[in-house]
Amino acid sequence: MSVPIDISEEAGVRFLHFGSEWVQGAMRLRKPWSLELVYTREMMAGLLLHPRPWPRKVLLIGLGAGSLARFVHHHLPDAVCTVVEIAPEVHAVARQFFRLPDENARFRVVIGDGAQYVMDTDAHWDLIAVDGFDRHARAGDLATLPFYQACWTRLSERGVMAVNLFSGQRGFKGRQDAIREAFDGRLCMLPPSETGNAIALAVRGAPIELSHDTLLARAAALKADCGLDLHPTLKRLDAAGGLPDGRLSV
C-alpha cells in the first residue's frame, strides 16, 4: 500500500506529512544540513558518547524527510551511511523536495524492510538510528525484541543504537524493556521532548563513564563543529536524574 504524502511550508521550514497534520520530518530551507526538529537532534546524541571520528559506519532505518541522512553526509565526512526505507515514494519525495544527497561511495539508499535488512545482513555499524513508523505511528517489526537483538549483533564493539519512541504511545514501556533486555541493561533513556518523542540510546562494548563536564565539553565541540546543540538535552537529562553523581554511566 502506498504512503499518502503531503508537504507544507511555514516560516522558511518545509514539512513532510503522511496524510495527516503529524510532522514526519522537516527542513529549514536556508539550513538544509541542520537538524530542525528536537527529536532528530537527539537521535544524534550518541555523538556525545565517543570522540570523533566515530562513527565510521552509520545505518539509518526510516528516511522520512532525510534529515539524519543530510546531517550525516554533510557533517560526518568520515562516515559511510546506508539508509533503509520501505516506501519508494518517500525516497522519491526526499530527493525532489528535501535535498537528499546523491548516492555515492559514502551514501546509499536501500528500498526494503528495515527489520528484515538488519536480520539478513552480515554487515556491522557503529551507529544504528531507528526512526521508522507508518502513518498511524506504528513501528511494526521495528518495535520487537528480535529486531533489537539483531541490532545488538550488527553493532561494532563501540556501537550505539538510537531509537525514536513516543512516550504517550501504548507499548512505550514494553519497547524500553525489550531494548533493555536485548542490550543487557545498557540503556540511557532521554527524557521526552515537548512533542512526546523520547530517544533510547543503547550501547555495546566497554562500559561508558562520562562526567557532566566531559559531556558539556563534547556538546560545545559539536555545536561549534556542526551546529548540533545538545546542551538543552543534557540539561533535561540532568533534571530528570539521568546523571547521578554528575556522571553518565551506561
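Everything here concerns the structure above.
First things first, this report covers the structure right here in the doc. (Residues numbered from 1 in each chain as written. Predicted model: local features only at pLDDT ≥ 70, side-chain atom pairs only at ≥ 80, totals over all residues. Heavy atoms only, no water.)

1. Some words on the environment of S211
In this fold, S211 is placed in strand β11 (residues 209-211). The contact partners of S211, leaving out residues within four places of it in the chain, are G246 and R247. (Helix = DSSP H or I, 4+ residues; strand = E, 2+ residues; numbered from the N terminus. Contact = heavy atoms within 4.5 Å.)

2. Let's talk about the pattern of salt bridges
Per the counting criterion, the structure on display carries 11 salt bridges. In this structure, the salt-bridge partner of R236 is E42, at a minimum N-O distance of 2.5 Å. Linking R236 in helix α8 (residues 231-239) with E42 in helix α1 (residues 38-43), this pair joins segments that are 194 residues apart in sequence. The partner of D177 in a salt bridge is R180, and the shortest N-O contact between them spans 3.3 Å. You can see D177 and its partner R180 sitting in helix α6 (residues 172-182), three residues apart, about one turn around the helix. On the accessibility criterion, D177 (31% relative accessible area) is partly exposed. We classify R180 as partly exposed; its relative accessible area is 35%. Linked through salt bridges whose partners overlap, the residues forming this network are K173, D177 and R180. (Salt bridge = Lys/Arg side-chain N within 4 Å of Asp/Glu carboxyl O. Buried < 20%, exposed > 50% of the residue type's maximum accessible area, 1.4 Å probe, protein only.)

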